[in-house]
Amino acid sequence: MMDDDNWQVIDRPEEGEAVCFDLQAEMRLFDGAVVNVSEQGFVVCFQGELRAWRNHCPHAGSPLDWIPGQFFDADGQLLVCHTHHAEFEPLSGECIAGPCPRGLYALPIKELNKAIAVPLRIVL
Ligand code: FES
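Note that the structure is predicted; figures quoted are calculated from it, not measured.

Calculation rules
Residues numbered from 1 in each chain as written. Predicted model: local features only at pLDDT ≥ 70, side-chain atom pairs only at ≥ 80, totals over all residues. Heavy atoms only, no water. Helix = DSSP H or I, 4+ residues; strand = E, 2+ residues; numbered from the N terminus. Rg over C-alpha atoms; globule rule 2.2 N^0.38 Å. Buried < 20%, exposed > 50% of the residue type's maximum accessible area, 1.4 Å probe, protein only. Lys, Arg positive; Asp, Glu negative; His and termini not counted. Charge placed at Lys NZ, Arg CZ, Asp CG, Glu CD. Pairing = 2+ DSSP bridges. Contact = heavy atoms within 4.5 Å. Salt bridge = Lys/Arg side-chain N within 4 Å of Asp/Glu carboxyl O. Phe/Tyr/Trp six-rings, centres within 6.5 Å; stacked < 30°, edge-to-face > 60°.

Asker: How should the overall build of the protein be read in this particular structure?
Answerer: If you tally the helices and strands in the protein, you get 0 helices and 11 strands. The order of α-helices and β-strands along the protein, N terminus first, is β-β-β-β-β-β-β-β-β-β-β. On C-alpha atoms alone, the protein measures out to a radius of gyration of 14 Å, which is about the 14 Å that the 2.2 N^0.38 rule sets for 124 residues. In terms of overall dimensions, the protein has a C-alpha envelope of 45 × 40 × 25 Å along the principal axes. Counting over 124 residues, the protein shows a buried share of 40%. Each charge class in the protein can be summarised by its mean position, and for the 8 positive and 19 negative side chains these summaries are 7 Å apart.

What follows is the structure, encoded as structure tokens:
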């Protein structure tokens, strides 16, 4: 559950496109220390549905896009990590090809009228 003040409003992506946003992530280290790091998320619209993902590849942690905001493959059917070419289902985040050990990290999303709301902060 997220606080009401932990949301930011961003533009809704068009079909087959993505919109990126910045957020803060709180991480607990092995020694118990807590650090805050800057992160990026992105929202995709695919087959009329919206999903928000952390822009962090589960393989080696790089951002998925090498051109800012470009996440879909040439056919527009899959999300691709441009570092080692892992492929993910846009709606489930499941990894279907490549070296990723698991799927994408889902972020919460709220649909508003013509915009959407995504988190300002997450805890990893
Ligand atoms: S960092 Fe994404 S596939 Fe390796």
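Asker: Hey, could you run me through the sheet that holds strand 5 (residues 79-80) in this one?
Answerer: The strands making up a sheet associate through backbone hydrogen bonding, with each pair oriented either parallel or antiparallel. An order of 5-6-7 is seen for the 3 strands of this open sheet, with the pairing classed as antiparallel. Of all the strands in the sheet, the pair left with one neighbour each is strand 5 and strand 7 (95-97). Judged from the 2 bridges that link them, strand 6 (residues 87-88) and strand 7 form a sheet pairing that is antiparallel. Note that in strand 7 the partner of Glu87 across the bridge is Ala97.

Asker: Even after reading the chapter, I still don't get the sheet that holds strand 8 (residues 106-107), so can you show me in this structure?
Answerer: An order of 8-4-3-2-11 is seen for the 5 strands of this open sheet, with the pairing classed as mixed. At either margin of the open sheet sits one strand with a lone partner, and together these are strand 8 and strand 11 (121-123).

Asker: Just to check I follow, could you spell out the environment of Glu49 for this structure?
Answerer: If you trace the backbone, Glu49 turns up in strand 4 (residues 49-54). When its relative accessible area of 37% is taken as the criterion, Glu49 is described as partly exposed. In the structure, Glu49 is positioned 15 residues away from Leu64 in sequence and 20 Å away in space, judged by C-alpha atoms. Excluding residues that lie within four positions of it along the chain, Glu49 makes contacts with Val44 and Leu91.

Asker: Just checking my understanding: could you explain the pattern of salt bridges for this structure?
Answerer: Two side chains with opposite charge may pair up if their charged atoms get near one another. Counted according to the given criterion, the structure contains 3 salt bridges. Of the charged contacts, one joins Glu111 and Arg12 as a salt bridge, the two residues approaching to 3.1 Å between their closest N and O atoms. One end of the pair, Glu111, is in strand 9 (residues 110-111); the other, Arg12, is in the loop between strand 1 (7-11) and strand 2 (18-28), and 99 residues separate them in sequence. Classification of Arg12 by relative accessible area gives partly exposed; the value is 31%. Notably, a salt bridge pairs Arg54 with Glu39, separated by 2.9 Å at the nearest N-O pair. Highlighted residues: Arg54 in strand 4 and Glu39 in strand 3 (residues 34-46), separated in sequence by 15 residues.

Asker: Which parts of the structure should I look at to understand unusual backbone geometry?
Answerer: Among all residues save glycine, negative phi is the norm, and among peptide bonds the norm is trans. If you check the backbone angles, Gln47 has positive phi at about 50° while not being a glycine. Relative to the assigned elements, Gln47 resides in the loop between strand 3 and strand 4.

Asker: Explain the packing of aromatic side chains to me, please; I cannot follow it from the model alone.
Answerer: Centre-to-centre distance and the angle between the planes together describe a pair of aromatic rings. Inspection of the entire model under this criterion finds 2 aromatic pairs. Ring geometry for Phe42 versus Phe71: centroids 3.7 Å apart, planes at 10°, classification stacked. Taken together, the positions of Phe42 in strand 3 and Phe71 in the loop between strand 4 and strand 5 put the pair 29 residues apart, joining distant regions of the chain. Across the pair, Phe71 and Phe42 agree in class, each one buried.

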